[in-house]
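What the coordinates show
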Amino acid sequence: MSAMMTSDHPGGGLYQYRPTLQMLDRQACLRIHEASLKILKQTGIEVFQAEGLALLKEAGARVTDSGRVIIPPSLAEWALAAVPGPFNLYQRGSDQIAIRLDGMHVYFGPGSDTVHYLDPRSGQRRDYTLDDIGDCMRVVDALPQIGFAMSVGVPRDVPPEVYYRHQFARMLGSTTKPIVIVCANLGDIQAVHAMAAAVAGGVERLAQYPTLLLYSEPS
């Protein structure tokens, strides 16, 4: 990616400035990976959930007396090798590929989970609401440059324990683009899956032409 700009040179005349974006080469990526493995092996991570600790221990990690988890490189490499291969996300209601998750394509979309909203109509900064999700999703749906939808914000006008479910329901009603979801627990995931399957025409149809992706943030 590059762009050219022309400006006056301090000494007179014009000069060209071409900013560039260069991706990391394979060796640089390997150095980062090896450093990550070293941190997991020597320093470890802190896990505060008993179920997570049990799963890691069962998989071969060592849990110290203080609750810190030491992860051997072999376990990290095994987990990386178990990641599914490339797959596609589809435009809802069709067999049209909307996103190719193959490591070769780049897509843009909005973020999620802001709690305040600058109202474009009143200029007021206020809590984000379900109606705001609908407005934002209609913009997302209309812009060809946007490949997927996210909620933009957390609706503050519904109970906190179920707002991710309301969030997804409102997005479903305002866009047919693939949706990247946020969930707080298994109940959220089950509810979102049931809604997605209902509008897709059934669980099998959703599995054949998936339209959603979980935005998982272990940190």
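Residues numbered from 1 in each chain as written. Predicted model: local features only at pLDDT ≥ 70, side-chain atom pairs only at ≥ 80, totals over all residues. Heavy atoms only, no water.

**A few points about the confidence of the model for the protein**
- Residues with a pLDDT of 70 or more make up 89% of the protein, whose mean pLDDT is 89.
- No element of the protein has a lower mean pLDDT than strand β1 (residues 5–8), which averages 43, and none a higher one than strand β9 (residues 125–127), which averages 97.
- Counting contacts from residues 1–9, a segment whose pLDDT is below 50, to residues more than four positions away or on other chains yields 25 contacts. (pLDDT = per-residue confidence, 0-100. Helix = DSSP H or I, 4+ residues; strand = E, 2+ residues; numbered from the N terminus. Contact = heavy atoms within 4.5 Å.)

**Examining the nonpolar core**
- If you look at the biggest cluster of nonpolar residues, it comprises 22 residues, and the most contacted ones within it are Met 137, Phe 168, Ile 179, Ile 181 and Leu 212.
- By residue number, the principal contributor to this core is helix α4 (residues 130–142), which donates five residues.
- Discounting chain neighbours no more than four positions away, the residues touching Phe 168 are Ile 179, Ile 181, Val 192, Met 195, Ala 196 and Leu 212. (Core = buried A, V, L, I, M, F, W, Y, C linked by side-chain atoms within 4.5 Å. Buried < 20%, exposed > 50% of the residue type's maximum accessible area, 1.4 Å probe, protein only.)

**Notes on the packing of aromatic side chains**
- The tally for this structure, following the rule as stated, stands at three aromatic pairs.
- For the ring pair Tyr 90 and Tyr 209, a centre distance of 5.0 Å and an interplane angle of 85° mean the geometry is edge-to-face. With a gap of 119 residues between them, Tyr 90 in strand β6 (residues 87–90) and Tyr 209 in the loop between α7 (203–208) and β11 (212–214) connect regions that are remote in the sequence.
- Note on Tyr 90: relative accessible area 12%, which makes it buried. (Phe/Tyr/Trp six-rings, centres within 6.5 Å; stacked < 30°, edge-to-face > 60°.)

**Describing the pairing of β6**
- Examined bridge by bridge, β6 and strand β7 (residues 97–101) share four bridges and lie antiparallel to one another. Residue Tyr 90 lies in a different strand from β7, and its bridge partner there is Ile 97. (Pairing = 2+ DSSP bridges.)

**Quick look at the pattern of salt bridges**
- Applying the stated criterion to the full structure yields eight salt bridges.
- In this structure, the salt-bridge partner of Asp 119 is Arg 126, at a minimum N-O distance of 2.9 Å.
- Put simply, Asp 135 and Arg 138 hold a salt bridge, and the shortest N to O gap is 2.7 Å. One end of the pair, Asp 135, and the other, Arg 138, are both in helix α4, three residues apart, so they sit about a helical turn from each other.
- On the basis of relative accessibility, which here comes to 47%, the residue Arg 138 falls in the partly exposed class.
- Salt bridges here are not isolated pairs; linked through shared partners, they connect Asp 119, Arg 126 and Asp 132. (Salt bridge = Lys/Arg side-chain N within 4 Å of Asp/Glu carboxyl O.)

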